[in-house]
Amino acid sequence: MTLRIALCAGETSGDQLGEGLIHALRARYPDAQFAGIGGPLMRATGMQTWWDADALAVMGLAEVLAHLPRLLRLRKQFRKRVLAWQPDVFIGIDAPDFNLGVERWLKQRGVRTVHDVSPSIWAWRQGRAAKIGESADRVLCLFPMEPPIYAQHGVAARFIGHPLADAIPLQPDRAAARAALGESSDTPILALLPGSRLGEIRRMLPDFVDAARRLAAGIPGLRVLVPAANAQCRAAIDAILGDAPAFRVIDGQAQQIMIASDVVLLASGTAALEAMLCKRPMVIGHRISALTYRIVKLFGLLKSAHVSLPNVLAGKTLVPELLQDQCTADNLHRALLHWFTDADAVAALQPQFLTLHESLRCDASARAAEAVAEVLQP
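Notes on the structure follow. (Residues numbered from 1 in each chain as written. Predicted model: local features only at pLDDT ≥ 70, side-chain atom pairs only at ≥ 80, totals over all residues. Heavy atoms only, no water.)

1. A short note on the sheet that holds strand β6 (residues 138–141)
This is how it is decided: For two strands to count as paired, DSSP must find a minimum of two bridges between them. Helix and strand assignments come from DSSP, with helices taken as H or I runs of at least 4 residues and strands as E runs of at least 2, each series counted from the N terminus. Helix axes are fitted to C-alpha atoms over the stretch in contact, other axes to C-alpha atoms as well, and angles between N-to-C directions run from 0 to 180 degrees.
Pairing in this open sheet of 7 strands is parallel, and the strands run β3-β2-β1-β4-β5-β6-β7 from one edge to the other. This sheet does not close on itself; its edge strands, each paired only once, are β3 (48–52) and β7 (157–159). The sheet shows a mean angle of 15° between the axes of neighbouring strands, direction not considered. Taken together, the 5 bridges between strand β1 (residues 4–9) and strand β2 (residues 33–38) define a ladder with parallel strand orientation. Counted as the bridge partner of Arg4 is Gln33 from β2.

So this is what it looks like as structure tokens:
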């Protein structure tokens, strides 16, 4: 009987993880069928996508509340379709608010479940680990500090490393990246990444642009490269930028742009990890909706001293995090100028970023497929 593997990935990062996992699983199970929710990368592997990953691209408590009726309808329809398809295993990739509920419902009905990418329990309510174990037979962790937290709650979890650490060279080629983008080797370049969600772009980009313009006023010839994740993001970026000669908006190629840059300005998230792996100094600027922020502060939900992965992994402040009220154009400009003018500070970052990169380089997709294979054992 043909092996059936159901998956659900949300957003671009989940689609990337899903693509690598499907390829690794196909190496073990060449005739397996894959179906569920995914993006273009997972679709290109031959997976049958019932809904697109963009349907889950919502971030923040307030934002989720606005989309809650649609998401609940989708989850109900999706879990019934998965159960009717009778998969041998269900793999939820990231999107914990959506996937953990699906996993719990399926597990109660006898479907084996894997949650790929542990939620950030190191930052938010570590007690969730026990609840996650009620949903997933196995939790896959991208970072080494996560399995010990699950072990305290008797949950089977495995550190698999991060696929981006496998994909990005230990010493990225900046000259080649600049040539590929048509940028000269001696031009100062700022990579500006305001996020891949429209809400983030509208909330963050105006201050990012203001900071970049101030920077350009003091650095002759500065180029500001802005990757757009998709057509919708491009339209939102263009609407905010208007006529800005120092800025260049590029479809996709975020990683290439980071490698080509001297400094990166970004919203927190996977992009911060990617910038670290590209060995680029960065400034983190992040602001969530006022309602979400009030809820987080009121209930003391944030447990970590840091929010960006370079700082969390290092256990100290390697790069500045300017959050909420601190995320102003003036503060962002000062932090960026520091990296552009202090070569010694930039040089001191490199060996620390390299050590962190090596710690995450574990052939993550193959390790994830191995963990799934163990769950599939009778």
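2. Re the pairing of strand β5 (residues 112–116)
Defined as follows: Summary of the burial criterion: residues with accessible area below 20% of their type's maximum are buried, those above 50% are exposed, and those between are partly exposed, where the area comes from a 1.4 Å probe applied to protein chains only. Here a crossover is taken to be right-handed if, once the strands point away from the viewer, the path from the first strand over the helix to the second is traced clockwise.
Counted residue by residue, β5 has 4 buried out of 5 residues, so it is predominantly covered. The sheet contact formed by strand β4 (residues 89–93) and β5 spans 5 bridges and is parallel. Across the sheet, Ile93 pairs through a bridge with Asp116, a residue of β5. Regarding the hand of the β-α-β motif, the stretch spanning β4, helix α4 (residues 96–108) and β5 is right-handed.

3. Side note on the pattern of salt bridges
Test applied: When a carboxyl oxygen of Asp or Glu is within 4 Å of a side-chain nitrogen of Lys or Arg, the pair counts as a salt bridge.
Taken as a whole and assessed by the stated rule, the structure comprises 16 salt bridges. Its salt-bridge partner being Asp137, residue Lys107 comes within 3.6 Å of it at the nearest N-O pair. Note that Lys107 is positioned in helix α4 and Asp137 in the loop between α5 (128–135) and β6, a separation of 30 residues in sequence. Residue Lys107 is classed as partly exposed on the basis of its relative accessible area of 27%. By relative accessible area, which is 32% here, Asp137 ends up partly exposed. Residue Arg174 pairs with Asp262 through a salt bridge whose shortest N-O separation is 3.0 Å. With Arg174 in helix α8 (residues 174–181) and Asp262 in the loop between α11 (254–260) and β11 (263–266), the pair connects residues that are 88 residues apart, well separated along the chain. Residue class for Arg174 comes out partly exposed when judged on its relative accessible area of 31%. Overlapping salt bridges, with partners in common, bring together Arg138, Arg158, Glu370 and Glu374 in one network.

4. Structural notes on the packing of helix α9 (residues 198–218) against helix α15 (residues 329–341)
As a reminder of what qualifies: Throughout, the term roughly parallel applies to angles under 35 degrees, roughly antiparallel to angles over 145, roughly perpendicular to angles from 65 to 115, and oblique to all others. By definition, any crossing whose near helix is turned counterclockwise from its far helix by less than a right angle is left-handed, and any crossing with a clockwise turn is right-handed. A contact between two residues is defined here by any heavy atoms of the two lying within 4.5 Å. Three classes are used: nonpolar for Ala, Val, Leu, Ile, Met, Phe, Trp, Tyr, Cys and Pro, charged for Asp, Glu, Lys and Arg, and polar for all others, with Gly counted as polar.
Running from N to C, α9 and α15 cross one another at 50°; their axes reach a closest spacing of 8 Å. Viewed along their axes, α9 and α15 adopt a mutual orientation that is oblique. The element α9 and its partner α15 pack so that their crossing is right-handed. Counted together, Asp207, Phe208, Asp210, Ala211, Arg214 and Leu215 of α9 and Ala329, Asp330, Leu332, His333, Leu336, Leu337 and Phe340 of α15 form the full contact between these two elements. Here the contact of α9 with α15 is built from residues that sort into 8 nonpolar, 1 polar and 4 charged.

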